[in-house]
Amino acid sequence: MGHTAFKVVIPARYASTRLPGKPLLDLGGKPMVVRVGERARLSGADEIWVATDHPEVRSVVEAHEFAALMTRSDHLTGTDRLAEVAQQRGWSRDTIIVNVQGDEPLIEPEIIARTARQLAISGADIATVAHPITEAGDFFNPNVVKVVCRADGDAAYFSRAPIPYARDHFARENGGETLPAGFPAYRHVGLYAYRASFLQAYAGLTVAPTEQFESLEQLRALWHGYRISVLLVDAAPAPGVDTPEDAERMRKLFDRAGNSE
């Protein structure tokens, strides 16, 4: 299997509602966004760019010898920011770009590479990741996004609702305390690889009605007929940092790792 050439873009907005200055959170002596960059570097990407809207993030990133780009602060979505990067860099239409969130300092480099390869092999417009759901609590939780796939591995639909629905099993046990054996329920993980051609078209796409109600941006691509190929992995990737509690947990983890080196 040949090497898939791809770029990584790490969007790092300075202002997070729950964690101001989030990209610069100190993890074992390095800012979080730099930790993410180090993971991306191990993935074999041929270029890594941190896309930010804040000069301080840019200077910190460059001080750690990663490339940074200033992007507009008024982007509505991460995909819009990515499209601006592809445009600024003048990447050709067939360039594969993996969007790695700036708050995932434990992301596995291998999963970044596999998502890029999934896009290359499938010929889809977008590739993303999912893993089996084993707990009924996760299946019925609206914060856990579910995806149903077709035979070719493309996503048919994403939802916060419990899909697919095991009619007889849930009727028998009066609610949903357990999931049936062999149940094809998958949790969507928000790691994406895009072709630059999709990013170029994205700004012109109207918002999908489903997207507005589900509050799921990826439904816009499906609504307009773009293909999203799903890479199925065995287990959930490492969690990211959303809340002050997450930040504290991550800090302790990196402190421990630093002390054991």
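Whatever comes next refers back to the structure up there.
Worth saying up front: this structure is predicted, and the values here are computed from it rather than measured.

> Teacher, can you tell me more about the environment of G182 here?
Along the chain, G182 falls in the loop between helix 6 (167–172) and strand 10 (186–195). For G182, a relative accessible area of 79% corresponds to the exposed category. In the structure, G182 is positioned 170 residues away from A12 in sequence and 39 Å away in space, judged by C-alpha atoms.

> Help me out: how do you make sense of the nonpolar core in this one?
In a soluble, globular protein the nonpolar side chains are often hidden away together inside. With 40 residues, the main nonpolar core has F6, V8, I10, V98, V100 and I112 as its most contacted residues. In terms of nonpolar packing, the next biggest core, distinct from the first, is built from 29 residues, W49, A86, I97 and Y202 among them.

> Is there a simple way to explain the pairing of strand 9 (residues 155–159) in this structure?
It is a general feature of regular strands that their side chains alternate between the two faces of the sheet. Bridge count for strand 8 (residues 146–149) against strand 9 is four bridges, and the pairing is antiparallel. Residue pairing across strands places C149 opposite A155, the latter belonging to strand 9. Counted along the chain from strand 8 to the antiparallel partner strand 9, the turn is five residues long, and its residue G153 has a positive phi close to 90°.

> When you look at the pattern of salt bridges in this model, what are you seeing that I'm missing?
Pairing is possible between side chains of opposite charge, provided their charged atoms come close. Applying the stated criterion across every chain, the model contains 16 salt bridges. Measuring nitrogen to oxygen at the nearest pair gives 3.8 Å for the salt bridge that ties K22 to D242. Placement of K22 in the loop between strand 1 (7–12) and strand 2 (26–27) and of D242 in the loop between strand 11 (228–232) and helix 10 (244–260) is noted, with a sequence separation of 220 residues between them. Overall, K22 belongs to the buried group, its relative accessible area being 14%. Close ionic contact of D246 with R249 constitutes a salt bridge, the shortest N to O distance being 2.7 Å. In this pair, D246 and R249 both sit in helix 10, three residues apart, roughly one turn of the helix.

> Would you explain unusual backbone geometry in this entry?
Leaving glycine out, the prevailing phi sign among residues is negative, and the prevailing peptide bond configuration is trans. Geometrically, the link from I163 to P164 is a cis peptide bond, its omega value of -5° lying close to zero. In this fold, P164 is placed in the loop between strand 9 and helix 6. Notably, S215 is not glycine yet its phi reads approximately 60°, a positive angle. We classify S215 as exposed; its relative accessible area is 53%.

How each quantity is defined
Note on numbering: residues in each chain are counted from 1, in written sequence order. Where local features are concerned, this predicted model is filtered to residues with pLDDT of at least 70; where side-chain atom pairs are given and counted, the filter is 80 or more; whole-chain, interface and lining totals use all residues. Derived side-chain values reflect all non-hydrogen atoms in the structure, with water molecules and hydrogen atoms excluded from consideration. Helix and strand labels come from DSSP, where a helix needs a run of H or I of at least four residues and a strand needs a run of E of at least two; each type is numbered from the N terminus. Burial classes: relative accessible area under 20% of the type maximum marks a residue as buried, over 50% as exposed, and values in between as partly exposed (1.4 Å probe, protein chains only). Among buried residues, the Ala, Val, Leu, Ile, Met, Phe, Trp, Tyr and Cys ones that are joined through side-chain atoms within 4.5 Å form a nonpolar core. Strands were regarded as paired on the criterion that DSSP finds at least two bridges between them. The rule for a salt bridge is simple: a side-chain nitrogen of Lys or Arg has to be within 4 Å of a carboxyl oxygen of Asp or Glu.

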